[in-house]
Amino acid sequence: MAAETPVSKTEKANVNLSTADFALDHYVAVTTEGESAGVEQLFATDFSQKIQASNAQSHSREAVIKSLKKQKGERLNCKVKTDIIEESADYMVAKVTLKFEDFTKTDLVTLVREGNEWKVSASINSYK
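Here the structure is a predicted model, which means the values were calculated and not measured.

This brings us to a nonpolar patch on the surface. Taken together, the side chains of I85, L108 and I124 make up a nonpolar region of the molecular surface, amounting to roughly 240 Å² of accessible area. Along the polypeptide, L108 turns up in strand β5 (residues 104–114). Here L108 falls in the partly exposed class, since its relative accessible area comes to 35%.

Here it is in C-alpha cells:
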C-alpha cells in the first residue's frame, strides 16, 4: 500500500500565473472566496494596497498576505464584477467591483509580468 505524503505547511502551492487573466482570477478567488493556495506567489515584492476612505490607509505586502491567510475558507457574500480597463503585453489594470447588500467596494488592481509569471503589484480600494 502506498501511503499519501502529507503536504508540508511550509510548502507553497504552485498556482498557474502564466497569464494576466489567470492571475486576476486567482486574485479574485483569494480576496472573495477565501482561497489560500499560492497567496505569496500572487503578490509582487513591491505590492502595496491603499484604501481611499475618510481615514486613508496603506498596507504592505506582508500585512495583506497575513490578513488573507486569516480569511482562508471564508466566502464574501457579494456579487463580483471584473472589468479590464487597460491591458498590454506586460501589465494590466482591472476594476473589481464587489457589490454587497449595503455598500459597494471598488478595487483597482494593477498586474505586471515578472519573468514568466503575472503578479499583483498594486490595489486601490474605495467604498460607496
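The sheet built from six strands is open, its strands ordered β2-β1-β6-β5-β4-β3 with mixed pairing. Two strands in the sheet have a free side with no partner beyond their single neighbour: β2 (57–60) and β3 (79–87). Neighbouring strand axes in the sheet, compared pairwise and without regard to direction, differ in orientation by 20 degrees on average. By the bridge criterion, nine bridges tie strand β4 (residues 91–99) to β5 in an arrangement that is antiparallel. By the bridge assignment for β5, V93 is matched with T110.

This part covers the pattern of salt bridges. Inspection of the entire model under this criterion finds four salt bridges. A salt bridge links E40 to K69; the shortest N-O distance between them is 2.2 Å. With E40 in helix α2 (residues 39–42) and K69 in helix α3 (residues 61–70), this residue pair connects regions lying 29 residues apart in the sequence. By relative accessible area, E40 is classed as partly exposed at 22%. What makes K69 partly exposed here is its relative accessible area of 40%.

About the cut-offs
Residues numbered from 1 in each chain as written. Predicted model: local features only at pLDDT ≥ 70, side-chain atom pairs only at ≥ 80, totals over all residues. Heavy atoms only, no water. Patch = residues over 30% accessible without salt bridge, like charges linked within 9 Å, V, L, I, M, F, W, Y side chains within 5 Å. Areas by Shrake-Rupley, 256 points an atom, 1.4 Å probe, with all protein chains shown as cover. Salt bridge = Lys/Arg side-chain N within 4 Å of Asp/Glu carboxyl O. Helix = DSSP H or I, 4+ residues; strand = E, 2+ residues; numbered from the N terminus. Buried < 20%, exposed > 50% of the residue type's maximum accessible area, 1.4 Å probe, protein only. Pairing = 2+ DSSP bridges. Axes fitted to C-alpha atoms, helices over the stretch in contact; angles between N-to-C directions.

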